[in-house]
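Coordinate analysis (summary)
This is what each chain is made of:
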Amino acid sequence: MKRFRTAVIGCGAIHGSHADVLADAPFSELRAVVDVVPDRAARSAAKYGCRAETDWTRVLEDPEIESVHLCTPHYLHAPMASALLRAGKCVLTEKPMGISVAQCEEMVRAADDSGRQLGVCFQNRYNTTSLHLRDLVRSGRAGRVLGARAVLTWGRGADYYVGSPWKGTWEKEGGGVLINQAIHTLDLLQWVLGMPAALKGTADQRSLQDTIEVEDTAEATLRYADGTRAYFFATNGYPTDRAVEVEVVLEKAVARVCGDLTVTWADGTIETASERNVRAGAKAYWGGSHRDLIQDFYDCLDEGRLFPVDGRQGIQAIRLIRALYDSSERREWVTI
Ligand SMILES: NC(=O)c1ccc[n+]([C@@H]2O[C@H](COP(=O)([O-])OP(=O)(O)OC[C@H]3O[C@@H](n4cnc5c(N)ncnc54)[C@H](O)[C@@H]3O)[C@@H](O)[C@H]2O)c1
């Protein structure tokens, strides 16, 4: 397999999930890590044995670097990705792809124009449980979908926002619990059930109003073309981070992911699938499939296949989130 010359921009909380893989995988030679905070870049470079940069355009202008991972604040994903793609590099960006649909569309154009691949880090699509759930629903083995629900109850206190001052702001984070935490759950819903025809929802501040500008709690009803509904709830105001719950009711079974997957068939039979990608430690609830997603990205680059979580996929969750903000403001159903 080809060894790609790689770089990571942004050396904050998530960057280790990328750099750990890139520093020792046979498909990558990690050349550079970048952070505007010199100390962060230097510490990461020392750990991973590559060079440290504080100006990301050094990576943009380095003709040797072929693939770049974006672990930067949300508002920087679109301008960085578009410039890197147009400079001939492949880009794997952390979620969210961008903070507006227009930004995401420009990123897709940049990938199309340059012929380079753009991937979006929805690693939970690679969870064993997500793959089983999607297969069960899409195969039709359990009959038609009758409805679904998804619940995320995590906790983010003032210290979380103090540590990353871009978080909690409309300008730089682009939203709150929806665009940062629950975006994975909305992506899974649309990946498993397809895009709804319309949604109605609210986004509000229920506990962090003294700390952040953006919403800490949101709910929505998603209505599909056949009239089926999915109910969604997310909050950052819970005292602890619980496993995300996604349940789909089908004609012949109820499938529920909450850590592991449990399928309860109408005849009483119960099937279970354990999650193989369990992340160790306190961040287990984030989902532990970064390594599988990154491996697949480079397999696709190597084999000339389109990476399945591309820009056109990444944009769908942003469409849902923007529709939810719109619905919350107008207090009515919004067509997707
Ligand atoms: N996939 C997941 O499960 C997951 C989990 C956590 C975070 N994330 C995503 O990862 C991204 C980063 O989040 P985080 O929690 O690591 O944030 P963070 O604030 O901890 O890290 C961001 C880093 O980017 C650096 N930075 C800011 N501007 C820069 C610039 N112009 N050039 C280079 N570096 C710059 C900051 O100094 C900081 O070190 C976000 O998009 C977030 O949503 C994804």
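Residues numbered from 1 in each chain as written. Predicted model: local features only at pLDDT ≥ 70, side-chain atom pairs only at ≥ 80, totals over all residues. Heavy atoms only, no water.

This part covers the domain arrangement of the protein. Taken domain by domain, the protein consists of domain 1 (4-123 + 292-308) and domain 2 (125-275 + 315-335). If you average the C-alpha positions of domain 1 and of domain 2, the two centres end up 26 Å apart. The interface of domain 1 with domain 2 comprises 21 residues on the first partner and 20 residues on the second. For the pair domain 1 and domain 2, the two sides together bury roughly 1800 Å², of which 63% comes from carbon and sulfur. By the criterion of area lost to domain 2, the three top residues of domain 1 are His74, Ile99 and Phe122, representing 34% of everything that side buries. (Domains from an automatic or database assignment. Contact = heavy atoms within 4.5 Å. Buried area = accessible area lost by both parts, 1.4 Å probe.)

Lining the immediate environment of the ligand, one finds 28 residues, of which Asp35, Arg40, Lys95, Ser164 and Lys167 sit closest. One nitrogen or oxygen atom from the side chain of histidine 74 is found 2.8 Å from an oxygen atom belonging to the ligand. In the model, an oxygen atom of the ligand is placed 2.8 Å from a nitrogen or oxygen of the lysine 95 side chain. Out of a free accessible area of 850 Å², the ligand has 91% covered by protein chains. Ranked by the residues each element gives to the shell around the ligand, the list is headed by helix H4 (residues 74-86), at 4 residues. Partitioned by chemical class, the residues of the shell around the ligand number 13 nonpolar, 10 polar and 5 charged. (Near = heavy atom within 4 Å. Polar contact = N/O pair within 3.5 Å; in protein donor to acceptor, adjacent residues only side chain to side chain. Areas by Shrake-Rupley, 256 points an atom, 1.4 Å probe, with all protein chains shown as cover. Helix = DSSP H or I, 4+ residues; strand = E, 2+ residues; numbered from the N terminus. Nonpolar A, V, L, I, M, F, W, Y, C, P; charged D, E, K, R; others polar.)

A separate point is the pattern of salt bridges. In total, this model carries 24 salt bridges according to the counting rule given. Note that glutamate 64 is salt-bridged to arginine 31, the shortest N-O span being 2.7 Å. Note that glutamate 64 is positioned in the loop between helix H3 (57-60) and strand E4 (67-70) and arginine 31 in strand E2 (residues 28-34), a separation of 33 residues in sequence. We classify glutamate 64 as partly exposed; its relative accessible area is 38%. Take arginine 31: its relative accessible area is 23%, and that puts it in the partly exposed class. Linking arginine 206 and aspartate 204 is a salt bridge whose minimum nitrogen-to-oxygen distance equals 2.9 Å. With relative accessibility at 33%, the residue aspartate 204 sits in the partly exposed group. (Salt bridge = Lys/Arg side-chain N within 4 Å of Asp/Glu carboxyl O. Buried < 20%, exposed > 50% of the residue type's maximum accessible area, 1.4 Å probe, protein only.)

Here 7 bridges tie strand E7 (residues 145-153) to strand E10 (residues 229-235), and the two strands are oriented parallel to one another. Paired with alanine 148 across the bridge in E10 is alanine 230. In this sheet, E10 lies alongside strand E9 (residues 217-223) in antiparallel orientation, the contact comprising 7 bridges. Across the sheet, the residue bridging to threonine 221 is tyrosine 231, located in E10. As consecutive antiparallel partners, E9 and E10 are separated by 5 residues, and within that stretch glycine 227 has a phi angle of approximately 95°, a positive value. (Pairing = 2+ DSSP bridges.)

Here we take up the side chain of glutamate 53. Relative to the assigned elements, glutamate 53 resides in strand E3 (residues 51-53). Taking the relative accessible area as the measure of exposure, glutamate 53 reaches 10% and is therefore buried. One polar contact links glutamate 53 to arginine 51, side chain to side chain, over a distance of 2.7 Å. The residues contacting glutamate 53, other than those within four sequence positions of it, are Val33, Val34, Asp35, Ala41 and Arg58.

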